[in-house]
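The residues making up each chain are set out below.
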Protein chains: 2
Amino acid sequence: MFSYRQLFDFTQEVFIKMGCPPDDAKLATEVLLEADLRGVDSHGVARLSGYVRLWEAGRINVKPNIRIVHETPSTATIDGDAGLGLVVAPRAMDIAIAKAERVGTGWVSVKNSNHYGIAGYHAMQALARDMIGISMTNASPLVAPTFSTERMLGTNPIAVAIPTGHQPPFVADLATAAAANGKLEILQRKEKKAPTGWIQTSTGEGTRDAHALKEGGALLPLGSDRLHGSHKGYALSSVVDIFSAVLSGANYGPWVPPFVSFLPVAENLVGEGIGHFMGAMRVDAFRPADEFKQHMDNWIATFRNAKVKKGQKAVLIPGDPEREITATRLKKGIPLLAPVQRDLEELGKRFSVQF
Amino acid sequence: MFSYRQLFDFTQEVFIKMGCPPDDAKLATEVLLEADLRGVDSHGVARLSGYVRLWEAGRINVKPNIRIVHETPSTATIDGDAGLGLVVAPRAMDIAIAKAERVGTGWVSVKNSNHYGIAGYHAMQALARDMIGISMTNASPLVAPTFSTERMLGTNPIAVAIPTGHQPPFVADLATAAAANGKLEILQRKEKKAPTGWIQTSTGEGTRDAHALKEGGALLPLGSDRLHGSHKGYALSSVVDIFSAVLSGANYGPWVPPFVSFLPVAENLVGEGIGHFMGAMRVDAFRPADEFKQHMDNWIATFRNAKVKKGQKAVLIPGDPEREITATRLKKGIPLLAPVQRDLEELGKRFSVQF
């Protein structure tokens, strides 16, 4: 078990050694570790060495000049200057929030960025301002559209954070694939079978082989197959791709650069880096904030008290499981798998930072 | 087979006989019949008698005073004054579009409305203005949240329409349930079994009985079960409910009034009528429109040319199937089931309009 503080100090120091300005190093660490706190282990410190390798490959600029390249009163397009998505995305969200302060809502499309951590972090930035936060990003192609055998879309997440009164906030953060790649990686490590409906082989047959992606297979969109609505997951994932990249001028679909540095970037790129899309809506742009929050509290209480199926403990509100894990991990520490620990020890040696 | 013109004239005349102003009657007819054209038969003229019965029950105001009750430069909240959703929603979309003209984007939450036809119609209103259109609505509770046995959410659709250059537009229009209720109704009429993963019994067991809803069962969220991401469908449906109703002051969750007039409206309502949420984003609020459209054309061509699984004809782009059906039906006519024909004949007699 590692304490949040321990991992925070180490990660921050690594980002500083990479050359990030101190404020950026702190921000990037905060975003990255939010994943470990919320139990999304695939997106936390386990990825730190991945960012380092991208930087070594010259694909991350640690001193980016993040700037607005196009704007209206309620929108902006941001060039992330190949910065860490962990830094570019929160800055983009700041701009969305500032625009919402002035005209009710703010919408920012981002190009030339990199992996931005968990989508939920960015959406949640809006909560303290009594705003609804929205965050989405495209990602390296792993998902096949309905009827296709080709990997054309990332697991393209959508996060929506909604402020409340007494109740904890509503925080939905979901991959538009049937299962996120992180869940598959866990099964791979444990040499377990995947459930049907998560992946297909290179010829498009359903398979339970968790390693099928290595042999040209693909993840399936939310809905799994046509009969159960995979065309809906595919459509939602496409919307995320288009809002994040076609609006901003980033790469989309099969051109999105892979997160892992050992995979080559596609040729004839159609844009710059990967793309994000952020939104902020002041709730009092629609009705008085206290009225809204009172009804959100009622919404949450009503759904939480809905009748439960036999064998289940409770009806959950989006954000409930992650909040429970955060409370536990802040108290008892964050568990890291042995390969992740070894990875961080290596990084420590590489940068002369004590792990 | 009935021609579009035939059904249009009949429907428009019925709305006029109900007392709708001529412009409203025309608009409502256009919206309603778009469903028949696009092959969403459950949402077209088959519902006309349902609207009539709601009007007879005093739940639809045919001369509504649709007005803005709250606004900022990029947002508005609309009171639909219990008007037909078929009229209220397009007016709300007009306001979203007008706001987008001025400040880049426009977002309108609507209370005190009724069923608004197909979500896609409203989103597509933005296309001619080189805007992305977004439309969602809540609806009578039929869907159980993950782990619950209670019907708490409607099939709450999300539609997103995105302009293109030479390619036909991208139009996603999807229920956030595994299958829309209309599909279940077709199986009921044909006395066929439903696929597993669409519905559950009153105790939350999976069932293939297409009539299970009548015995206290529920539709399942997109994803069908927890292992395949039903918590994601539930979260998306919740977001639609909150944006449509908690933002606007409409009824949400179990309080959403049923479309069928023979079911009672819930007691202790938490808002007014049902709610919608509309958005419009000028694409040139992010980058020059011609650049955007060129990349959308490339996006569509790339996905349409993705490798196809054996046994399938093509990878489809959201909106493709509906566009094909529209072309066929405009040429060959619109088929109506015998009970729908009888229903319309009855309506014809009731209002002295020739069917």
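As a reminder, the structure under discussion sits directly above these lines.
Here's a quick rundown of the structure. Here the residue numbers are simple positions, counted from 1 along each chain's written sequence. Chains carry letters from A onward and ligands carry numbers from 1 onward, assigned in written order. Note on the predicted model: pLDDT of at least 70 is required for a residue's local features to be given, and 80 or more for side-chain atom pairs to be given and counted; whole-chain, interface and lining totals, by contrast, use all residues. Water and hydrogen atoms were dropped before computing side-chain values, which therefore reflect all heavy atoms in the structure.

## Concerning the relation of the copies chain A and chain B
Least squares is the method for superposing the copies, and the C-alpha atoms it fits come from residues with pLDDT of at least 70 in both. Overlaying chain A on chain B yields an RMSD of 0.0 Å, the required transformation being a rotation through 180 degrees with an accompanying axial translation of 0.0 Å. Here the two chains are linked by the operation of a two-fold rotation axis. Among all C-alpha atoms of chain A, that of Gly 223 of chain A lies closest to the rotation axis, at 2.4 Å. We call two residues contacting when some pair of their heavy atoms lies within 4.5 Å. The overlap is high: 100% of the interface residues of chain A also sit at the interface in chain B, so the same surface is used on both sides.

## So, the interface of chain A and chain B
Of the residues lining the interface, 94 residues belong to chain A; the matching set on chain B comes to 94 residues. Reported buried area values correspond to the accessible surface (1.4 Å probe) lost by two parts on association, with both partners' losses combined. When the area that chain A buries against chain B is broken down by residue, the three leading residues are Phe 147, Lys 232 and Phe 286 of chain A, summing to 11%. Throughout this description, the term salt bridge denotes a Lys or Arg side-chain nitrogen within 4 Å of a carboxyl oxygen of Asp or Glu. For the pair chain A and chain B, the number of links is 0 salt bridges. Under the rule applied, a polar contact is a pair of N or O atoms within 3.5 Å (in protein, one hydrogen donor and one hydrogen acceptor; residues adjacent in sequence only if both atoms are side-chain atoms). The interface formed by chain A and chain B contains 42 residue pairs in polar contact (both at pLDDT 80 or more). Of the residues forming the side of chain A that touches chain B, the biggest block, 11 residues, is contributed by helix H7 (residues 230–246) of chain A. Note on conventions: DSSP H or I runs of at least 4 residues are helices, E runs of at least 2 residues are strands, and numbering of each starts at the N terminus.

## Section: unusual backbone geometry
The phi dihedral of Asp 81 of chain A is positive, around 55 degrees, even though this residue is not glycine. Categorising residues by exposure relies on relative accessible area from a 1.4 Å probe, with only protein chains included: less than 20% of the type maximum marks a residue as buried, more than 50% marks it as exposed, and the intermediate range marks it as partly exposed. A residue is classified by how much of its surface remains accessible, and Asp 81 of chain A, at 23% relative accessible area, is partly exposed. Look at Asn 112 of chain B: it is not a glycine, yet its phi comes out positive at around 60 degrees. By secondary structure assignment, the location of Asn 112 of chain B is in strand S3 (residues 105–113). Asn 112 of chain B gets classed as buried once you look at its relative accessible area, which sits at 13%.

## Some thoughts on the sheet that holds strand S3 (residues 105–113) of chain A
Residues and elements named next belong to chain A. Reading across from one edge, S1-S2-S3-S10-S4-S5-S6 is the order of the 7 strands in this open sheet, with mixed pairing throughout. Edge strands, defined here as strands with exactly one partner in the open sheet, are strand S1 (67–72) and strand S6 (170–174). Strand-to-strand twist in this sheet, taken as the mean axis angle between neighbours without regard to direction, amounts to 10 degrees. Sheet topology note: the strand S4 (residues 131–137)/strand S10 (residues 274–282) ladder contains 7 bridges and is antiparallel. Following the sheet pairing, Met 136 is matched in S10 by Phe 277. Two strands make a pair as long as DSSP finds a minimum of two bridges between them. Axes here refer to lines fitted to C-alpha atoms; in helices the fit is confined to the stretch in contact. Angles between the N-to-C directions go from 0 to 180 degrees.

## Considerations on empty space enclosed by the protein
Cavities and pockets were defined on a 1 Å grid built from protein atoms only: a cavity is a group of points that admits a 1.4 Å probe but offers it no way out, a pocket is an open group of points flanked by protein on both sides within 12 Å along at least five of seven lines, and a lining residue is one with an atom within 4 Å of any such point. Grid points are joined across faces, edges and corners, and a volume is the space filled by probe spheres set on the points. In the structure shown here, the tally under the stated rule is 1 cavity of 30 Å³ or more. Along the wall of the largest cavity there are 23 residues; nearest its centre are Ile 134, Met 136 and Ile 158 of chain A together with Met 136 and Ile 158 of chain B. Elements supplying a minimum of two residues to the lining of the largest cavity: S4, strand S5 (158–162), S6, H7 and S10 of chain A together with strand S4 (131–137), strand S5 (158–162) and helix H7 (230–246) of chain B. Split by residue class, the lining of the largest cavity holds 23 nonpolar, no polar and no charged. Residue polarity follows a fixed list, in which Ala, Val, Leu, Ile, Met, Phe, Trp, Tyr, Cys and Pro are nonpolar, Asp, Glu, Lys and Arg are charged, and the others, Gly among them, are polar.

## Some details on the packing of aromatic side chains
Residues and elements named next belong to chain B. Each Phe, Tyr or Trp ring (for Trp, its six-membered ring) is paired with any other whose centre lies within 6.5 Å, and the angle between the two planes then decides the class: stacked below 30 degrees, edge-to-face above 60, tilted in between. A full pass over the atoms with the stated rule returns 23 aromatic pairs over all chains. Relative to Phe 259, the ring of Tyr 51 has its centre 5.1 Å away and its plane inclined at 75 degrees; by these criteria the two rings are edge-to-face. Here Tyr 51 is found in helix H3 (residues 48–56), whereas its partner Phe 259 is found in the loop between H7 and strand S10 (274–282), with 208 residues between them in sequence. Assigned by exposure class, Tyr 51 and Phe 259 land together as buried. Pairing Trp 55 with Phe 351 gives two aromatic rings, centres 6.0 Å apart and planes at 35 degrees, and the pair type is tilted.

## Observations concerning the pattern of salt bridges
Residues and elements named next belong to chain A. Inspection of the entire model under this criterion finds 28 salt bridges over all chains. In this structure, Arg 67 and Asp 79 form a salt bridge, with 3.4 Å as the shortest nitrogen-oxygen distance. With Arg 67 in strand S1 and Asp 79 in strand S2 (residues 75–79), this residue pair connects regions lying 12 residues apart in the sequence. Of the charged contacts in the structure, one is a salt bridge between Glu 272 and Lys 111, with a shortest N-O distance of 3.0 Å. Here Glu 272, found in the loop between H7 and S10, pairs with Lys 111, found in strand S3; they are 161 residues apart in sequence, far enough to count as distant. Given the relative accessible area of 15%, Lys 111 is considered buried. What emerges from the salt-bridge pattern is a single network uniting Arg 304, Asp 320 and Arg 323.

## Describing helix H8 (residues 289–304) of chain A
Its 16 residues place the ends of H8 of chain A 22 Å apart at the C-alpha level, agreeing with the 22 Å of an ideal helix rising 1.5 Å per residue. Taken residue by residue, H8 of chain A has Ala 289, Phe 292, Lys 293, His 295, Met 296, Asp 297, Trp 299, Ile 300, Thr 302 and Phe 303 of chain A as its buried positions. Lining the buried residues of H8 of chain A we find S4, S5 and S6 of chain A together with H7 of chain B. Helix span, as expected, comes to 1.5 Å for every residue beyond the first.

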